[in-house]
Number of protein chains: 2
Amino acid sequence: MKLFTIGPVEMYPSTKIIRDKGFVHFRSNEFSEIVNFSLSKLSSLLGNSVKNSLIYLSASGTAAMEATVENCMDDNDKALVINGGAFGHRFCELLKYHNIRFDSIDLKWNEELTKEHLLPYENKDYTSLFVNIHETHTGQLYDIKMLSDFCKRNNMYFIVDAISAFLADEYDMEKYGVDLTIISSQKGLCLSPGCAFVSFSKKMIDKINSKDKVSSKYFDFKDYLINIPRGQTPYTPPVCIMYELQDMLNIIEREGGKDGRLRNVKAKCEYFRKKAKEIGLKIPNYPLSNMLTPVEFDDDTNAYDVIQVLKDKYKIFVNPCGGDMANKLLRVSHIGNTTTDDIDNLIEKLQLSINEVKEKELIYDRK
Amino acid sequence: MKLFTIGPVEMYPSTKIIRDKGFVHFRSNEFSEIVNFSLSKLSSLLGNSVKNSLIYLSASGTAAMEATVENCMDDNDKALVINGGAFGHRFCELLKYHNIRFDSIDLKWNEELTKEHLLPYENKDYTSLFVNIHETHTGQLYDIKMLSDFCKRNNMYFIVDAISAFLADEYDMEKYGVDLTIISSQKGLCLSPGCAFVSFSKKMIDKINSKDKVSSKYFDFKDYLINIPRGQTPYTPPVCIMYELQDMLNIIEREGGKDGRLRNVKAKCEYFRKKAKEIGLKIPNYPLSNMLTPVEFDDDTNAYDVIQVLKDKYKIFVNPCGGDMANKLLRVSHIGNTTTDDIDNLIEKLQLSINEVKEKELIYDRK
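Notes on the structure in this doc start here. (Residues numbered from 1 in each chain as written. Chains lettered and ligands numbered in written order. Predicted model: local features only at pLDDT ≥ 70, side-chain atom pairs only at ≥ 80, totals over all residues. Heavy atoms only, no water.)

## A short note on the sheet that holds strand β8 (residues 157-161) of chain A
Sheet strands pair via backbone hydrogen bonds, and the direction of the pair is either parallel or antiparallel.
Residues and elements named next belong to chain A.
Reasoning step 1: Here we have 7 strands laid out as an open sheet, ordered β2-β10-β9-β8-β5-β3-β4, and mixed in their pairing. Each edge of the open sheet is held by one strand with a lone partner, namely β2 (54-58) and β4 (101-106). Across this sheet, the average inter-strand angle for adjacent strands is 20°, counted without regard to direction.
Reasoning step 2: Pairing of β8 with strand β9 (residues 180-184), which is carried by 3 bridges, proceeds in the parallel orientation. Residue pairing across strands places V160 opposite T181, the latter belonging to β9.
Reasoning step 3: Sheet strands touched by helix α3 (residues 61-72): β2, β5 (128-132), β8, β9 and β10 (195-200). Its angle to β9, the strand with the most contacts, is close to 160°.
Reasoning step 4: Running over the sheet, helix α4 (residues 86-97) touches β3 (78-83), β4, β5, β8 and β9 and is turned about 155° from β3. (Pairing = 2+ DSSP bridges. Helix = DSSP H or I, 4+ residues; strand = E, 2+ residues; numbered from the N terminus. Axes fitted to C-alpha atoms, helices over the stretch in contact; angles between N-to-C directions. Contact = heavy atoms within 4.5 Å.)

Following this line, the structure appears as structure tokens:
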């Protein structure tokens, strides 16, 4: 069994068995120390030097997206959303759900976000930009410099879901003036799913602290910010994932820190893309994250069927795309504990699966 | 290191290393099958035969408590809360936060809940009873039959947080007409923290489906209920915990199912209490859950200090009590993977720790 999926991904052996070494109870100084140490390292990987500005929730990434809307937006705000796929759309839905005014830049399939898209929104009354910097649904990586400059020019909060960009693509909160970053455990960090992290700029912390009431108490960032200096959370934290995090941060350190990690992910990504092109696979032309590669299929090959053969016959998991592109696209992730040997095997089995699906479809056509 | 804490607890070796065997991606039939199979077994342990009535959230138990308030109560409702400690108080806070009308039966420390407490609330306009059937804060186990009869007589929804009663004390939703039960992964199930389960009666599902809008989309039970028949969740689930659950359900089956499990927990609980009394420890007189034993200290011995010595010197973790009783009470859990040998060791080290604390306090008094 091998996961080339987008999250959870193939975990590292030492992370997988971390529970076996035992763990302390979370209401203890020992646990607080682990948390403080790990969060400070993680903050530094995020490029955020503000002290006690990183919180963690026992919840999925979507929960952190919603909590961000609840904590960081109010009736006086108006958001602009880059809506280039399912996760951009999710931000729109969440803003709508919470009655926050917003407009969205809706990208069509295969459409690259450019500065022309932003022009109509310059010098308007938008207070915050919401973006999934890597739109996981399509693989498009937006130009963070362009969006950062836009936010600075227009004095907007820069709110980034970096769930599938962090530790795959270059990312630095202070360099790009990011006010809030959402990440989650099961993507670039290769941990068990179930923990979301949110990192804030000083300006964003002030805004959060000025907000009167959040829709759900469980999502009240203020409570988390009060507890985090002593490494604690208002409710039971995902204790074991924090042990996994500690292990993974050590792995990243041994890889040469953020730069080393990014280099390795990029190398695997480029290796896959080269091999994929060699067997004639089609990869979209828009700018791509190094986190995953979308593979596009013509009408004669159903992407979803390929995924099923790959899984059932060869025990290799890649992601479908979902929505309109479910039969057209599959997605291969590069962030997990996979090697070039694994990629060679994936390419070989992908080719076999495609052939099998094509043959079946030919037979079906003849009937 | 040994955990006699209330959750997370000492996990079983096979559960701890389950990730090492590999896991499938969650958007697959294979994962759906695991979920459906496990949830159906878990439903049966809860005594609920309604199909597809058990959902799971990537969140802590408190999140499920809040989601229950959000999904199951509205402006027409009025709740009655048994408030006998920190978790009863939490229900009160959550109801207040969401502007739901409620009254509470506030128990004093050491006060047993009796039918006299319920008398003033008979034949009133209450629509729901909220209770932590085992108030984890004090260890008091309320009389479920008495509360069940009260709800039936008064035509009230019976909403039970069984987080620290399930798999420790006898519990059966249909036998006692329970409409909603909250449990979480890290208590009786001995799994990693980060997953909460909510089980509904048919009547409660109807009420949930009639509710217009929930405060947070992430907590909308309707979305979970729609997805659960195919073993799926609206957002990324705690995949690995679902693998742990499968393993633990097998362990419970090998123990002789629910009855066998309850017998074993009870035996450990009684063994501890007998040994504790032998060394002169004081255990409260109110009805206790088998999940934990509270140990009361006189003014000459600070409970919190005892806990620290036990942890620092002997690497054994028990729980403090928190709040007013922080220096008076410690709590020892009986639900984890601990043996009578472990209990013997705990008792020995507890005695040594108490002596050490007493000596220090004597020296301090003399100064």
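## Here's the deal with the layout of surface pockets
Reasoning step 1: The space that makes up the second largest pocket amounts to roughly 1,200 Å³.
Reasoning step 2: If you trace the second largest pocket, you find 47 residues lining it, with F26, R27 and P234 of chain A together with F87 and R90 of chain B closest to the centre.
Reasoning step 3: Breaking the lining of the second largest pocket down by element, the ones donating at least two residues are α2 (29-46) of chain A together with α3 (61-72), α4 (86-97), α11 (303-314), β12 (316-317) and β13 (319-320) of chain B.
Reasoning step 4: Ranked by residue count, the leading element in the lining of the second largest pocket is α4 of chain B, at 6 residues. (1 Å grid on protein atoms, 1.4 Å probe; cavity = no way out; pocket = protein on both sides within 12 Å on 5 of 7 lines; lining within 4 Å. Points joined across faces, edges and corners; volume = space filled by probe spheres on them.)

## What to know about the side chain of N227 of chain A
All names here are of chain A.
Reasoning step 1: Residue position: N227 is located in helix α8 (residues 221-227).
Reasoning step 2: For N227, a relative accessible area of 12% puts it in the buried group.
Reasoning step 3: Among the polar contacts made by the side chain of N227, one reaches the main-chain carbonyl oxygen of D223 at a distance of 2.7 Å.
Reasoning step 4: In contact with N227, other than residues within four places in its own chain, are Q232, T233 and P234. (Buried < 20%, exposed > 50% of the residue type's maximum accessible area, 1.4 Å probe, protein only. Polar contact = N/O pair within 3.5 Å; in protein donor to acceptor, adjacent residues only side chain to side chain.)

## Details of the interface of chain A and chain B
Reasoning step 1: Each partner contributes to the interface: chain A provides 56 residues, whereas chain B provides 56 residues.
Reasoning step 2: With both sides pooled, the region where chain A packs onto chain B buries about 4,300 Å², and carbon together with sulfur makes up 62% of that total.
Reasoning step 3: Where chain A packs against chain B, one counts 4 salt bridges.
Reasoning step 4: The closest approach of N and O atoms between E244 of chain B and R19 of chain A, which form a salt bridge, is 3.4 Å. (Buried area = accessible area lost by both parts, 1.4 Å probe. Salt bridge = Lys/Arg side-chain N within 4 Å of Asp/Glu carboxyl O.)

## Examining the packing of aromatic side chains
Reasoning step 1: This model, assessed by the stated rule, comprises 23 aromatic pairs over all chains.
Reasoning step 2: Relative to Y243 of chain B, the ring of F23 of chain B lies with its centre 6.2 Å away and its plane at 55°, an arrangement referred to as tilted. You can see F23 of chain B sitting in the loop between α1 (13-16) and α2 (29-46) and its partner Y243 of chain B sitting in helix α9 (residues 239-254), a full 220 residues away along the chain. Neither residue differs from the other here; F23 of chain B and Y243 of chain B are each classed as buried.
Reasoning step 3: By way of ring pairs, the aromatic residues Y218, F219, Y224 and Y235 of chain A together with Y218, F219, Y224 and Y235 of chain B are connected into one cluster.
Reasoning step 4: For K203 of chain A, the ring lying beneath its charged end belongs to Y157 of chain A, and the centroid distance is 4.8 Å.
Reasoning step 5: Its guanidinium or amino end placed over the ring of Y97 of chain B, K213 of chain A lies 4.4 Å from that ring's centre, counting from NZ or CZ. (Phe/Tyr/Trp six-rings, centres within 6.5 Å; stacked < 30°, edge-to-face > 60°. Lys NZ or Arg CZ within 6 Å of the ring centre and 35° of its normal.)

## Things to note about unusual backbone geometry
Reasoning step 1: Look at the link from G7 of chain A to P8 of chain A: it is a cis peptide, with omega at 0°.
Reasoning step 2: Its location among the elements puts P8 of chain A in the loop between β1 (2-3) and α1 (13-16).
Reasoning step 3: With phi around 55°, N52 of chain A is a residue other than glycine that occupies positive phi space.
Reasoning step 4: Accessibility expressed as a relative area gives 37% for N52 of chain A, which makes it partly exposed.
Reasoning step 5: One non-glycine residue, K315 of chain B, lies in positive phi territory at about 55°.
Reasoning step 6: For K315 of chain B, the location among the structural elements is in the loop between α11 and β12.
Reasoning step 7: The exposure class assigned to K315 of chain B is partly exposed, which follows from its relative accessible area of 45%.

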